[in-house]
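# Residue-level structural notes
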Amino acid sequence: MNGADADRWSRVAAQWAALWGGFAEPAWAAVATATGIGPGVRVLDVGCGAGDFLAYVHRLGALPSGVDPAPGMVSDARGRLPAADIRRHSLSDLPWDDGQFDVVTAFNALQFAPDLAAGLAALVRVVRPGGHVAVANWAEASRNDLEAVEEAVARAAGEEPLPDDATRLPGGLERLFEAAGLSVVEAGLVAVPWYAPDDDTLVRGVLLGEDPETMAARAPVVVAAARPFRLPEGGYRLDNAFRYAVGRTPARPR
């Protein structure tokens, strides 16, 4: 599904939360540890979706805010965290004043900005001096079982899989951060496995956002491509990985 299509994301908000909502938790934990998210820390999640990471940092005692361009996602996030400041807005023009947050995060979101450098600059602008910016997204295709299934679907439809962009490759996020004037304090690779208990869940997860006719037509391709990842007890485990980087903004001169 096109990650930049806000209307389509709105239509599948509830399905996304059910099928993929907690999937990135290992990456959340790595970022939370690296940035010191805890009681009283002001956190903005850019591309917050249905609010799963916001709920996670709320449990850590942080003060969460979020922004997402999809109205359906924003509605779900507000329903989950009614006291949080969650706004519908584009990711490259954030509706907050400079230096409002201690930590700004973007999970599987920054790569959809029309201009990566401008998108990252928007995140940096709303972080206080000496605060942190953290970005996490899918690692290169070769590290993701999900990619093998999606490639099979693309080829069955007569399409060529898209190449890895710079943010997915080793060192890509770090170079982007350094160009933005951030000091990289941590970067790494984290495993994010996804489980599907049955064929139906597998198909709905992989083909999220497709119409029923397309989903029915492509289901056999999905199931066949995922056969290597089937568990002996039933269901599927697809091993995947996210790359993440954490940067610190320059401290205010004394």
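Here, the structure is the one placed above.
Residues numbered from 1 in each chain as written. Predicted model: local features only at pLDDT ≥ 70, side-chain atom pairs only at ≥ 80, totals over all residues. Heavy atoms only, no water.

### Structural notes on the environment of A224
Tracing the backbone shows A224 in helix α10 (residues 212-225). Judged by relative accessible area, A224 falls into the partly exposed class, the value being 36%. A C-alpha to C-alpha distance of 9.0 Å links A224 and A152, two positions 72 residues apart in sequence. (Helix = DSSP H or I, 4+ residues; strand = E, 2+ residues; numbered from the N terminus. Buried < 20%, exposed > 50% of the residue type's maximum accessible area, 1.4 Å probe, protein only.)

### Considerations on the environment of S142
Mapping S142 onto the fold places it in the loop between β5 (127-138) and α7 (145-156). Judged by relative accessible area, S142 falls into the exposed class, the value being 71%. Taking the C-alpha atoms as reference points, S142 and H89, 53 residues apart in sequence, are found 33 Å from one another.

### Remarks on the pattern of salt bridges
Tallying each qualifying case throughout the model produces 14 salt bridges. A salt bridge links D102 to R128; its shortest N-O distance comes to 2.7 Å. Here D102, found in strand β4 (residues 101-107), pairs with R128, found in strand β5; they are 26 residues apart in sequence, far enough to count as distant. What makes D102 buried here is its relative accessible area of 12%. With a closest N to O distance of 2.6 Å, D239 and R237 form a salt bridge. By relative accessible area, D239 is classed as partly exposed at 32%. By relative accessible area, which is 32% here, R237 ends up partly exposed. A network of salt bridges, in which partner residues are shared, links R42, D102 and R128. (Salt bridge = Lys/Arg side-chain N within 4 Å of Asp/Glu carboxyl O.)

### Quick notes on the pairing of β5
With 10 of 12 residues buried, β5 is to be regarded as a mostly interior element. As defined by bridge partners, β4 adjoins β5 across 6 bridges and the pair is classed as parallel. Note on β5: the bridge partner recorded for V104 is V133. On the question of chirality, the crossover connecting β4 to the parallel β5 by way of helix α6 (residues 116-125) is right-handed. Alignment of β5 against strand β9 (residues 241-248), held across 7 bridges, turns out to be antiparallel. Paired with H132 across the two strands is R248, which belongs to β9. (Pairing = 2+ DSSP bridges. Right-handed = clockwise from strand over helix to strand, strands pointing away.)

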